[in-house]
Amino acid sequence: MNITTFSDLQSRPEIKEAISDMGFEVPTPVQAQCIPHILEGRDVMGQAQTGTGKTAAFGIPALEFLDVDAKHVQVLIMCPTRELAIQVTGELLSLAKKMDRVQIIPVYGGQPIERQLRALRQQTHIVVGTPGRVIDHLKRGTLQIGKMGMIILDEADEMLNMGFREDIDEILSYSGEDVQTVMFSATNSPGIRGIMQNQMKAPQMITIDKKVLAAPAIEQYVVEVRDSMRIEAISRIMDVNNYNLGLIFCNTKRMCDEILTDVQSRGYRCDVLHGDITQNGRDKVMSKFRNGQLDLLVATDVAARGIDVENIDVVFNFDIPQDPENYVHRIGRTGRAGRSGTAITFMAGRKQRSLRNIERQVKTKLNFMAMPSLKEVEASRVEGMLTEVEETLQKGGLKQFVEYVEILTAKGYSPAEVAAASLKMKIGAEEQQEIEVPVNGNGNGQLVNDRTGELMTRLFINVGKNRKIRPADIVGAIAGESGISGKSIGNIEIRKSHCLVDVPADKARGIVKVMDRNQIKGHRIMCKVDQM
Ligand code: ADP
Ligand code: MG
């Protein structure tokens, strides 16, 4: 039993209309295989990975099942987090858009219970809730499920991981004998099988093969850089590709917090999502992320699970995920609903084995990609500027400025030369912010290398003895990052909390550019021309 198109569906025309409005063309495999069974009234356990359209797989039959005139709640959907409950409610509301008077309300912890009580007192058809709050309502008697026809457990494995096993059992114990139970999970586990045994009657088990799922639209790369260069790499990759929205995954909450400021201090709008963030905080972050007020979001696996935001251009695996299965979940955050996406995994040597486990999981060989060079970043900046110029040209309103240009062409310059000079000034103005002309030195405003007589510029770096920095660390970092030879670096003076380094004056600008906000011995540093 399988449907191949949505028109094959035995369902209300209003639902089909809504599906087509949502832009769904064909059912995803999990929808094609699960919907007919659920519509038949069978208990179903569907196993498929994130991003495969599980919400509509249960949402469509749930809506089909409703008696809109009945006064009682008919379907209960349980989700692990508030975020997901809101998201599922949203998707169901879209599917129900053409139906008359369908009430779907989310109930979750953190929202004042009074508001939910008021909502529940009105005619409600579907409740979407997190386990804790659902139990609350069951105990108060404000939600009755004894006669309810259908219970859906979404992301059941995640609910078990979060320790909701007892809550789920308790909730299920309130339900009647005849309730139809539908469960979705990205993985199978003894806990899942336990629920199936205790709760389900002759369940139909549907497993969607992983191979089908490794979304071909996602380009997957490995970038081999030292750990300390990962943020630099993220920033270059974002800039070169003009990405608008990226998701950075870390294995720990701690790491998320650590890199947040690093990313922000490079001028990206960034926020963080992990288990220690309050529900309220999570909602705020997510709405910023959705509304395009963030460029990057840093998250742990659990916090990002189930998040469905379209338009994520790129997923960065800051760490290689501990569990290869998480890799699939992570990269599934991009390339949603047939869009293309890119996933980039950072690796610093000796991690080949983890990488091979992942390749086995996704059944694809991961390709290595070099970190974009500064030149490429520069080129893309110029390209961006030219686009801006072109847009300005298209907008028009240039008459007055053309007159200014004519002042110069009258003097014999070509219009192209005038345009080039303006661009040079614009690009130069941006660079100028990063360069300071040295005003320090030896009486005539300049430093001279005693050994070679070369003109030198003194740089200030804000780490010193306090970070156990030694001259060799400085030489290693500057030579390694900027490519100049260690020998050309002059005097190095390590003070308590900063150090002063003399570098060839003509290289100073480039060195500041690569070193500022870079890291030395794992410490993020500020590097600028010293102002004596
Ligand atoms: P899952 O719960 O399996 O992680 P979702 O239900 O959140 O996946 O669906 C992922 C995305 O795919 C959503 O944006 C959803 O609207 C979209 N989607 C679902 N079904 C289809 C379909 N048949 N065609 C196109 N897009 C779909
Ligand atoms: Mg889901």
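These numbers were taken from a predicted model, which means no experiment stands behind them.

Here the focus is a nonpolar patch on the surface. Taken together, the side chains of Phe401, Tyr404, Ile407, Leu408 and Tyr413 define a hydrophobic patch exposed on the protein surface, amounting to about 520 Å² of accessible area. Topologically, Tyr404 is positioned in helix H18 (residues 399–409). Using a relative accessible area of 44% as the deciding quantity, one classes Tyr404 as partly exposed.

Glancing now at the site of ligand 1. Lining the immediate surroundings of ligand 1 are 18 residues, of which Val26, Gln31, Gly51, Thr55 and Asp308 lie closest. Here an oxygen atom of ligand 1 and a backbone polar atom of Thr52 are 3.1 Å apart. Within the contact set of ligand 1, an oxygen atom lies 2.6 Å away from a side-chain nitrogen or oxygen of Thr55. Burial of ligand 1 by the surrounding chains reaches 89%, relative to a free accessible area of 560 Å². Taken together, the residues of the shell around ligand 1 break down into five nonpolar, eight polar and five charged. Taken domain by domain, the makeup of the shell around ligand 1 includes at least three residues from each of domain 1 (6–210) and domain 2 (214–372).

Next up on the list: the nonpolar core. Generally speaking, nonpolar side chains in soluble globular proteins are found buried as a group. One finds Ile60, Leu63, Ile77 and Ile126 to be the most contacted residues of the largest nonpolar core, which totals 40 residues. Considering every element that reaches this core, the biggest residue donor is helix H3 (residues 54–65), with six residues. Other than its neighbours up to four places away in sequence, Leu63 contacts Arg12, Ile15, Leu92, Leu95, Ala96, Met99, Val102, Ile104 and Ile126. Met45, Val127, Met196 and Met200 belong to the second largest nonpolar core, which has 29 residues in total.

Here the focus is the domain arrangement of the protein chain. Partitioning the protein chain into structural domains gives domain 1 (6–210), domain 2 (214–372), domain 3 (375–433) and domain 4 (447–529). Once you take the C-alpha centre of each, domain 1 and domain 3 turn out to be 57 Å apart.

At their nearest, the axes of helix H6 (residues 131–140) and helix H8 (residues 165–174) sit 10 Å apart, and the two run at 35 degrees to each other. For the pair H6 and H8, the crossing hand works out as left-handed. Counting all contacts with H6, which are made through Pro131, Gly132, Val134, Ile135, Leu138 and Lys139, the residues of H8 involved are Asp167, Glu170, Ile171 and Tyr174. Along the lines of polarity and charge, the residues of the contact of H6 with H8 split into six nonpolar, one polar and three charged.

Overall, parallel pairing links the seven strands, which are arranged E10-E11-E9-E12-E13-E8-E14 in an open sheet. Where the open sheet ends on each side, the last strands, each with one partner, are strand E10 (270–273) and strand E14 (367–368). In this structure, E10 lies alongside strand E11 (residues 296–299), joined through four bridges in parallel fashion. Considered in E11, the bridge of Val272 is made with Val298. Running at roughly 170 degrees to E10, helix H12 (residues 253–265) makes contact with strand E9 (246–249), E10 and E11 of the sheet.

Glancing now at the pairing of strand E12 (residues 314–317). Along E12, one buried face is formed by Val314 and Phe316 and the opposite face, lined by Val315 and Asn317, is buried too. Pairing between E9 and E12: four bridges, direction parallel. The residue bridging Gly246 from the neighbouring strand is Val314, located in E12.

It is worth spelling out the pairing of strand E5 (residues 150–153) at this point. Here E5 shows a buried face lined by Met150 and Ile152 and a second buried face lined by Ile151 and Leu153. Pairing of strand E2 (residues 75–78) with E5 involves four bridges; the strand directions are parallel. Across the sheet, Met78 pairs through a bridge with Leu153, a residue of E5. The sheet contact formed by E5 and strand E6 (residues 180–185) spans four bridges and is parallel. Residue pairing in the sheet places Met150 in a bridge with Gln180 of E6.

Okay, the pattern of salt bridges next. Inspection of the entire model under this criterion finds 29 salt bridges. With a shortest N-O distance of 4.0 Å, Arg133 and Asp136 are connected by a salt bridge. Of this pair, Arg133 and Asp136 both sit in helix H6, three residues apart, which is roughly one turn of that helix. The buried category is assigned to Arg133, whose relative accessible area is 13%. By relative accessible area, which is 32% here, Asp136 ends up partly exposed. As a salt-bridge pair, Glu170 and Lys139 come within 3.5 Å of each other at their nearest N and O atoms. Taken together, the residues span a long stretch of sequence, with Glu170 in helix H8 and Lys139 in helix H6 at a distance of 31 residues. Exposure remark for Glu170: the relative accessible area of 27% places this residue in the partly exposed category.

Topologically, Thr130 is positioned in the loop between strand E4 (126–129) and H6. Classification of Thr130 as buried rests on a relative accessible area of 9%. Setting aside residues up to four positions removed in sequence, Thr130 forms contacts with Cys79, Pro80, Thr81, Arg82, Val107, Tyr108 and Gly109.

Further remarks concern the side chain of Arg236. Looking at the element boundaries, Arg236 is found in helix H11 (residues 230–241). Residue contacts for Arg236: discarding those within four places in its chain leaves Met229, Met371, Pro372, Ser373, Leu374, Val377 and Val514.

Turning our attention to unusual backbone geometry. Here Glu155, not a glycine, exhibits a phi torsion of approximately 50 degrees, which is positive. Mapped onto the fold, Glu155 is located in the loop between E5 and helix H7 (156–161). Backbone geometry places Lys521, a non-glycine residue, at a positive phi of 50 degrees. Tracing the sequence through the fold places Lys521 in the loop between strand E19 (519–520) and strand E20 (523–524).

Here we come to the sheet that holds strand E1 (residues 44–47). Spatially, E3-E4-E2-E5-E6-E1-E7 is the arrangement adopted by the seven strands of the open sheet, whose pairing is parallel. Two strands close off the open sheet at either side, each with one partner strand: strand E3 (104–107) and strand E7 (204–207). Sheet twist, expressed as the average angle between the axes of neighbouring strands with direction ignored, equals 15 degrees. Here E1 runs beside E7; their pairing, made up of four bridges, is parallel. Of the residues in E7, the one forming a bridge with Gly46 is Ile206. Where H3 meets the sheet, it contacts E2, E3, E4, E5 and E6, and its direction lies at approximately 170 degrees from that of E5.

Parameters and conventions
- Residues numbered from 1 in each chain as written.
- Chains lettered and ligands numbered in written order.
- Predicted model: local features only at pLDDT ≥ 70, side-chain atom pairs only at ≥ 80, totals over all residues.
- Heavy atoms only, no water.
- Patch = residues over 30% accessible without salt bridge, like charges linked within 9 Å, V, L, I, M, F, W, Y side chains within 5 Å.
- Areas by Shrake-Rupley, 256 points an atom, 1.4 Å probe, with all protein chains shown as cover.
- Salt bridge = Lys/Arg side-chain N within 4 Å of Asp/Glu carboxyl O.
- Helix = DSSP H or I, 4+ residues; strand = E, 2+ residues; numbered from the N terminus.
- Buried < 20%, exposed > 50% of the residue type's maximum accessible area, 1.4 Å probe, protein only.
- Near = heavy atom within 4 Å.
- Polar contact = N/O pair within 3.5 Å; in protein donor to acceptor, adjacent residues only side chain to side chain.
- Nonpolar A, V, L, I, M, F, W, Y, C, P; charged D, E, K, R; others polar.
- Domains from an automatic or database assignment.
- Core = buried A, V, L, I, M, F, W, Y, C linked by side-chain atoms within 4.5 Å.
- Contact = heavy atoms within 4.5 Å.
- Axes fitted to C-alpha atoms, helices over the stretch in contact; angles between N-to-C directions.
- Left-handed = near helix turned anticlockwise from the far one by under 90°.
- Pairing = 2+ DSSP bridges.

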